[in-house]
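Here are the chains, one letter per residue:
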Number of protein chains: 2
Amino acid sequence: MNIILLSGGSGKRLWPLSNDVRSKQFIKIFKKEDGEYESMVQRVYRQIKAVDTDAVVTIATSRSQVSTIHNQLGEDVGVSVEPCRRDTFPAIALATAYLKEVRGVDENEPVVVCPVDPYVDDSYFETLKKLSVQAGKGEAGLVLMGIEPTYPSEKYGYIIPENKDAVSPVKTFKEKPDMETARKYIALGTLWNGGVFAYRLKYVLDRAHELIDFTDYADLFARYDTLPKISFDYAVVEKEPAIQVMRYCGEWKDLGTWNTLTEAMTEPVIGDAVLNDVCENVSVINELNVPVVCMGLKDMVVSVSAEGVLVSDKEQSSYIKPYVDKIEQQIMFAEKSWGSFRVLDVEEDSMTIKVTLNAGHRMNYHSHLHRDEIWNVISGEGTVVVDGMEQNVKAGDVVTMQAGCRHTVSAVTELKLIEVQLGKEISVHDKQKFELDA
Amino acid sequence: MNIILLSGGSGKRLWPLSNDVRSKQFIKIFKKEDGEYESMVQRVYRQIKAVDTDAVVTIATSRSQVSTIHNQLGEDVGVSVEPCRRDTFPAIALATAYLKEVRGVDENEPVVVCPVDPYVDDSYFETLKKLSVQAGKGEAGLVLMGIEPTYPSEKYGYIIPENKDAVSPVKTFKEKPDMETARKYIALGTLWNGGVFAYRLKYVLDRAHELIDFTDYADLFARYDTLPKISFDYAVVEKEPAIQVMRYCGEWKDLGTWNTLTEAMTEPVIGDAVLNDVCENVSVINELNVPVVCMGLKDMVVSVSAEGVLVSDKEQSSYIKPYVDKIEQQIMFAEKSWGSFRVLDVEEDSMTIKVTLNAGHRMNYHSHLHRDEIWNVISGEGTVVVDGMEQNVKAGDVVTMQAGCRHTVSAVTELKLIEVQLGKEISVHDKQKFELDA
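Computed from a predicted model, the values in this text were never measured in an experiment.

Asker: How do you make sense of the overall build of chain A when you look at a structure like this?
Answerer: Of regular secondary structure, chain A possesses 10 helices and 30 strands. The C-alpha radius of gyration of chain A comes to 24 Å, within 12% of the 22 Å expected for a compact globule of 438 residues. Looking at the 438 residues of chain A, the share that counts as buried comes to 55%. Considering only contacts in chain A between residues 6 or more positions apart, those separated by 24 or more positions represent 65%.

Asker: Help me out: how do you make sense of the pairing of strand E4 (residues 56-62) of chain B in this one?
Answerer: All names here are of chain B. Most of E4 is tucked away: 6 of the 7 residues are buried. Strand direction decides the pairing type here: strand E1 (residues 2-6) and E4, joined by 5 bridges, are parallel. Considered in E4, the bridge of Asn 2 is made with Val 56. Relative to strand E5 (residues 78-82), E4 is paired through 5 bridges, and the arrangement is parallel. Directly across from Ile 59, in E5, lies its bridge partner Val 79. Each parallel crossover has a hand, and the one from E4 via helix H2 (residues 66-73) to E5 is right-handed.

Asker: Looking at this structure, how should I read the interface of chain A and chain B?
Answerer: The accessible area lost on association of the parts is a frequent measure of interface size. Tallying the contact residues gives 51 residues for chain A and 51 residues for chain B. Of the roughly 3800 Å² buried between chain A and chain B on both sides combined, carbon and sulfur atoms contribute 69%. Taking the shortest distance from any N to any O, the salt bridge between B:Lys354 and A:Asp345 comes out at 2.8 Å. Linking chain A with chain B are 19 residue pairs in polar contact (both at pLDDT 80 or more), by the criterion used here. Of the residues that constitute the side of chain A that touches chain B, the class distribution is 33 nonpolar, 11 polar and 7 charged.

Asker: What is the right way to read the relation of the copies chain A and chain B from this model?
Answerer: Both copies of the chain are related through a single rotation about an axis accompanied by a shift along the same axis. Taken as rigid bodies, chain A and chain B are interconverted by a rotation of 180 degrees and an axial shift of 0.0 Å, the fit giving an RMSD of 0.1 Å. Taken together, the rotation and translation relating the two chain copies correspond to the operation of a two-fold axis. Among all residues of chain A, the one whose C-alpha sits closest to the rotation axis is A:Leu344, at a distance of 2.9 Å. Here 100% of the interface residues in chain A have copies in chain B that are interface residues too; the copies meet face to matching face.

Asker: I'm lost on the sheet that holds strand E17 (residues 292-295) of chain A in this one. Help?
Answerer: Within a beta sheet, neighbouring strands are joined by backbone hydrogen bonds and run either parallel or antiparallel to one another. Taken in spatial order, the 6 strands line up as E15(A)-E17(A)-E19(B)-E18(B)-E16(B)-E14(B) in an open sheet, and their pairing is mixed. Both outer strands of the open sheet, strand E15 (273-275) of chain A together with strand E14 (269-270) of chain B, are each paired with one neighbouring strand and no more. As defined by bridge partners, E14(B) adjoins strand E16 (residues 280-286) of chain B across 2 bridges and the pair is classed as parallel. Directly across from B:Ile270, in E16(B), lies its bridge partner B:Ile285.

Asker: Any chance you could explain the environment of A:Val384 here in plain terms?
Answerer: Residue and element names in this part refer to chain A. Residue position: Val 384 is located in strand E25 (residues 381-386). Among the residues examined, Val 384 registers a relative accessible area of 1% and is labelled buried. Between the alpha carbons of Val 384 and Val 409 there is a distance of 4.3 Å; along the sequence they are 25 residues apart. In contact with Val 384, not counting residues within four places along its chain, are Trp 375, Met 389, Glu 390, Gln 391, Val 393, Val 399, Thr 408 and Val 409.

Asker: So what exactly am I meant to see when it comes to the side chain of A:Glu335 here?
Answerer: One can find A:Glu335 in strand E20 (residues 333-336). Once residues lying within four places of it in the same chain are set aside, the contact partners of A:Glu335 are A:Lys28, A:Ser67, A:Thr68, A:Asn71, A:Gln72 and A:Ser340.

Asker: I'm lost on the sheet that holds strand E17 (residues 292-295) of chain B in this one. Help?
Answerer: With mixed pairing, 6 strands are arranged side by side in an open sheet as E14(A)-E16(A)-E18(A)-E19(A)-E17(B)-E15(B). Whereas interior strands pair on both sides, the edge strands pair on one side only; in this sheet they are strand E14 (269-270) of chain A together with strand E15 (273-275) of chain B. Looking at chain direction, strand E18 (residues 298-305) of chain A and strand E19 (residues 308-313) of chain A are connected through 6 bridges and run antiparallel. Pairing of A:Ser303 across the sheet is with A:Leu310, part of E19(A).

Asker: I tried to follow the packing of aromatic side chains on my own but got confused; where do I start?
Answerer: Note on aromatic pairs: each is described by the distance of the centres and the angle between the planes. Residue and element names in this part refer to chain A. Applying the stated criterion across every chain, the model contains 28 aromatic pairs over all chains. The interplanar angle of 65 degrees and the centroid separation of 5.8 Å between the aromatic rings of Tyr 98 and Tyr 217 together place this pair among those described as edge-to-face. Remark: Tyr 217 occurs in helix H7 (residues 217-222) and Tyr 98 occurs in helix H3 (residues 88-101); sequence separation between them is 119 residues. Each of the two residues, Tyr 98 as well as Tyr 217, counts as buried. The rings of Phe 89, Phe 197, Tyr 199 and Phe 232 are connected pair by pair, giving a single aromatic cluster.

Asker: Looking at this model, I keep getting lost on helix H1 (residues 40-51) of chain A. Mind explaining?
Answerer: What sets the pattern is the α-helix's 3.6 residues per turn: residues three or four places apart point alike. Residue and element names in this part refer to chain A. The terminal C-alpha atoms of H1 lie 17 Å apart, and with 12 residues this matches the ideal 16 Å at 1.5 Å per residue to within 8%. Burial within H1 is extensive, with 9 of its 12 residues counted as buried. Residues Met 40, Val 41, Gln 42, Arg 43, Val 44, Tyr 45, Gln 47, Ile 48 and Val 51 constitute the buried set of H1.

Asker: Would you take a moment to explain the packing of H1(A) against helix H4 (residues 122-137) of chain A for this structure?
Answerer: Any two packed helices are characterised by the angle at which their axes cross and by the distance between the axes. Residue and element names in this part refer to chain A. Where H1 contacts H4, the two axes come as close as 9 Å, and the packing angle between them is 60 degrees. Here H1 lies oblique to H4, going by the angle between them. Like other packed secondary-structure pairs, H1 and H4 cross with a definite hand, here right-handed. Of H4, the residues touching H1 (which contributes Val 44, Gln 47, Ile 48 and Val 51) are Asp 122, Phe 125, Glu 126 and Lys 129. Looking at the contact of H1 with H4 residue by residue, the classes come out as 4 nonpolar, 1 polar and 3 charged.

Asker: Please explain the pattern of salt bridges as it appears in this structure.
Answerer: Think of it this way: side chains of opposite charge can pair up when their charged atoms draw near. By the definition in use, this model includes 47 salt bridges over all chains. For the salt bridge of A:Glu210 with A:Arg207, the shortest nitrogen-to-oxygen distance reads 2.8 Å. One end of the pair, A:Glu210, and the other, A:Arg207, are both in helix H6 (residues 201-211), 3 residues apart, so they sit about a helical turn from each other. Overall, the relative accessible area of 57% leaves A:Glu210 in the exposed class. The salt bridge involving A:Lys394 is made with A:Asp397; its shortest N-O contact spans 3.8 Å. The class of A:Lys394 is partly exposed, set by a relative accessible area of 47%. Salt bridges here are not isolated pairs; linked through shared partners, they connect A:Asp345, A:Glu347, B:Lys354 and B:Lys416.

Asker: What should I look at first to understand the packing of H3(A) against H6(A) in this one?
Answerer: All names here are of chain A. Interhelical geometry of H3 versus H6 gives an angle of 125 degrees and a closest axis separation of 9 Å. One finds that H3 runs oblique with respect to H6. Here H3 runs over H6; the crossing is left-handed. Contacts from Phe 89, Ile 92, Ala 93, Thr 96, Ala 97, Leu 99 and Lys 100 in H3 reach Leu 201, Val 204, Leu 205, Arg 207, Ala 208 and Leu 211 in H6. Grouping the constituent residues of the contact of H3 with H6 by class yields 10 nonpolar, 1 polar and 2 charged.

Asker: Looking at this structure, I do not really get unusual backbone geometry. What am I missing?
Answerer: In terms of backbone geometry, most residues other than glycine have negative phi values and most peptide bonds are trans. Between A:Trp15 and the following residue, A:Pro16, the backbone shows a cis peptide bond with an omega angle of 5 degrees. Its location among the elements puts A:Pro16 in the loop between strand E1 (2-6) and strand E2 (30-31). Positive phi values are uncommon outside glycine, yet A:Asn281 reaches one of about 50 degrees. Here A:Asn281 is to be found in strand E16 (residues 280-286). Although it is not a glycine, B:Asp299 adopts a positive phi angle of roughly 50 degrees.

About the criteria used
Residues numbered from 1 in each chain as written. Chains lettered and ligands numbered in written order. Predicted model: local features only at pLDDT ≥ 70, side-chain atom pairs only at ≥ 80, totals over all residues. Heavy atoms only, no water. Helix = DSSP H or I, 4+ residues; strand = E, 2+ residues; numbered from the N terminus. Rg over C-alpha atoms; globule rule 2.2 N^0.38 Å. Buried < 20%, exposed > 50% of the residue type's maximum accessible area, 1.4 Å probe, protein only. Contact = heavy atoms within 4.5 Å. Pairing = 2+ DSSP bridges. Right-handed = clockwise from strand over helix to strand, strands pointing away. Buried area = accessible area lost by both parts, 1.4 Å probe. Salt bridge = Lys/Arg side-chain N within 4 Å of Asp/Glu carboxyl O. Polar contact = N/O pair within 3.5 Å; in protein donor to acceptor, adjacent residues only side chain to side chain. Nonpolar A, V, L, I, M, F, W, Y, C, P; charged D, E, K, R; others polar. Least-squares fit on C-alpha atoms with pLDDT ≥ 70 in both. Phe/Tyr/Trp six-rings, centres within 6.5 Å; stacked < 30°, edge-to-face > 60°. Expected span 1.5 Å × (residues − 1). Axes fitted to C-alpha atoms, helices over the stretch in contact; angles between N-to-C directions. Parallel < 35°, antiparallel > 145°, perpendicular 65-115°, else oblique. Left-handed = near helix turned anticlockwise from the far one by under 90°.

This is the structure in structure tokens:
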């Protein structure tokens, strides 16, 4: 199975765990059988590999998520990077071209497109396999997954099939009906549109060539920022006469708010927290190393991270967005392809961060125009290069770097540094990258 | 007026703002007219000086509070340090001897004793002045303040006076009556015992010599750990036939729990916090630099510090103690006589702290047996001494100190350091102090 997972943008609905650099799909909140926690993207990736070990998985996403994806899924996963945001049609076209040219997928092979963050059981992925097989038959340009509704929702799109067969031609689509209409739809066997569909690779590539003037993947990538912002629905679905829908009747949850997310937690507390016995229906996620004490709470979520603290009634938590949108904040924690960093202290002319470099990984070779840096190695072993001079480092070693000097560090074992940055203008944008051998 | 303020031990009822090194009286929670915040001890000290600029104020306390007291009140305040905890009679006897010998107070002068943390208006301190004058007359061995009750409380001690005059002989004392009895007491003009009393200096010194074999202040201090643990009530009050009580009918609050403390806050929020408009009767104290967002809360207190996070129903907050007693925790923030420190990161073999040294102050000259240290100066100017070698430092300078090496730093301007500690056994007890000139 070839599968493209659409990994969407930054969301603040799950602040303080999600923010501008950490979208909700990267929050590690689901307990695995081994007791460790995994994120939505890790859960979905594991589930896909469980139903199809040979699945070719490609994540279509923006540049800002690439480090985190490799941090969480390893280096083997395919990533189709969108140079900028251009809505779903250009993103799917780019990922499809990537599949053909970078991953070598034949243009007659089927491709499944799916959001990166459904909370579902394995039967969902079994259905994706069937969807792929069905698309491969070529009976229709597109084969959609239709989710059997569990309640009359006003917030989803509905697919109205010709009949109630497992696979049926699609009669029409309806967007976000009112409650009354939604009830009628359900009685008629109408299905939710979960944004999952399959096609033969060539099908989308042909649509792309009709709409966009490009030669190949590299060319499409190069001119990506000139493409129009068009949705896949508008560019393809609305124009295609032959669409089929395949029914799915298993578990399907959209965990977009604290309220729905905490429902999916298998235990009320993640992290260090104490609840007195008067607490009722309370969920706590604490990412810090200090305790959270809850006394006499009811129907609440408490979420604590390096970015801030949320204390909310569960119902009220769905209204969080305008409040957190107003917060202008330094990013306090980020996962990178080489490890992670955490901001420990911010002063007017300095910033102190903790850097964890995974064994075998290294930072880019880079310099800063406007700040000096000091590395205090606190654990592990590695190699530092400063202006071309290499030296081995271990716990207790100090390396000082003036503004302008080129530097990098690679980890032999997991390496932890306290990095002190000093300067009048400390910014993530003040960074020039270089080839190490240059 | 000579006044001894009894500054009690560590309390966890206001966790995470109070802890083993920060008692509740040091939490800066009361907004002054200039917009800055002050602690209970700062408020009381300021109020005393407002009614009597020449007041000789002595704080009777344990060694662990001395740094914080000087940090908050400056170097002029008198401190009578109890070498160990020995209940109220030895503490008051020691402070009284200190007043006579260190502060040069005549033994016929009156002395007022008062807890360090009443939440009261200035009329309370006017009454203390009158109490002092009354004690000076020598009509009675002791003159107590009696607070006119505002409700029938079961948790206070009651003073039953002979009559309802402003100053009356005391008939008897009653401890913590039941509600019914408390109601009767109030009808009879009975008064709360707020632990405030006055005497002529010689009076308590005589009682001390009767009960303890000592020559002078230094001798009493030296043998302090051998003294019996006796309360002032047991040693003096219960044996004294001539006790007077003076009425006080102004505001008096005992801010011992989050519930009572938040009632005294003039604004619902201290620090960075956002409350949606569904919130009702919510108090937030946030000592961190990241925001707290509250959605749909009612009758709650949210308190966030480097030590942890409390989210509690206000009523329930009075039951916090057993829950926080179970927490075994690294001290994350402390005020010292020279400034303050904050723990930024704790690893198995390292700890990173931020040190703020106030201008003109310096640390002790000291060494550690089991850890190396690195100072990264992030702002200010100062002088470092390492094994007798002096050097001036400024932002960007790095000083490394091996275990065993003697070191100190003094601040010319306010000086901030990131201190990285490295070793197998990192403990506050691993410290040897030295004379700098030795």
